Amino acid sequence: QVQLVESGGGLVQPGGSLRLSCAASGTFFSINDMGWYRQAPGKERELVATITSGGNTNYADSVEGRFTISRDNVKNTVFLQMDSLKPEDTAIYYCNAAVRVRFHTSDYWGQGTQVTVSS
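Residues numbered from 1 in each chain as written. Predicted model: local features only at pLDDT ≥ 70, side-chain atom pairs only at ≥ 80, totals over all residues. Heavy atoms only, no water.

Draft legend 1. Representation of the nonpolar core in the model. Trp36, Leu80, Met82 and Tyr93 are the most contacted members of the largest nonpolar core, which has 31 residues in total. At the level of elements, β1 (2–7), β3 (18–26), β4 (30–39), β5 (46–51), β7 (67–72), β8 (77–82), β9 (91–101) and β11 (113–117) are the ones that each hand at least two residues to this core. If one sorts the elements of this core by residue count, β9 sits on top with five residues. What Met82 contacts, discounting residues up to four positions off in sequence, is Gly16, Ser17, Leu18, Leu20, Arg66, Phe67, Tyr93 and Val115. (Core = buried A, V, L, I, M, F, W, Y, C linked by side-chain atoms within 4.5 Å. Buried < 20%, exposed > 50% of the residue type's maximum accessible area, 1.4 Å probe, protein only. Helix = DSSP H or I, 4+ residues; strand = E, 2+ residues; numbered from the N terminus. Contact = heavy atoms within 4.5 Å.)

Below is the structure:
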């Protein structure tokens with residue numbers, strides 16, 4: 001069984017910063033790509049950022065230059081540093097990881113953490 005546990009969400013004023021963390025635990029061989037998605041009320045879940053096991057990153061146009069994704073492969077943890085936050089960043093943020101369990105690689109999701117940007 002694989003679990004992704006997120007932390008770091010909260011309420012912040014526009015222009016502020018938050019740092020999200022997501023730690024993977026359980027029994028698995030390795031973690032490949034990891035990423036962050038978000039879903040605002042009434043909207044589809046969308047990609048925020050991804051990072052490969054080798055450290056290559058990809059960002060949505062809406063967050064590029066403001067958000068930074070990183071990972072600690074020793075701790076099996078992915079981070080999302082969010083700077084210059086805007087009200088439109090308000091959403092539930094979900095951690096995603098492609099986890100190899102024995103012979104197969106499957107996507108796992110965290111429970112989500114609320115990020116609210118408001119004055």
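Draft legend 2. A look at the sheet that holds β7. Spatial ordering of the open sheet is given by β1-β3-β8-β7, a layout of four strands whose pairing is antiparallel. A single partner strand is all that each edge strand has here, and the edge strands are β1 and β7. Pairs of neighbouring strands in the sheet enclose a mean axial angle of 15 degrees, with direction left out of account. Two elements, β3 and β8, share six bridges in a ladder whose sense is antiparallel. In the strand pairing of β8, Ser21 is matched with Phe79. (Pairing = 2+ DSSP bridges. Axes fitted to C-alpha atoms, helices over the stretch in contact; angles between N-to-C directions.)

Draft legend 3. The arrangement of the packing of aromatic side chains in detail. Tallying each qualifying case throughout the model produces one aromatic pair. Centroid distance Tyr37 to Trp109: 5.0 Å. Interplanar angle 65 degrees. Geometry classified as edge-to-face. Of this pair, Tyr37 sits in strand β4 while Trp109 sits in strand β10 (residues 104–109), and the two are 72 residues apart along the sequence. Accessibility expressed as a relative area gives 23% for Tyr37, which makes it partly exposed. When the ring centre of Phe79 is taken as reference, the NZ or CZ atom of Arg19 above it lies at 4.4 Å. Cation over ring: Arg45 sits above Tyr94, and NZ or CZ is 3.8 Å from the ring centre. (Phe/Tyr/Trp six-rings, centres within 6.5 Å; stacked < 30°, edge-to-face > 60°. Lys NZ or Arg CZ within 6 Å of the ring centre and 35° of its normal.)

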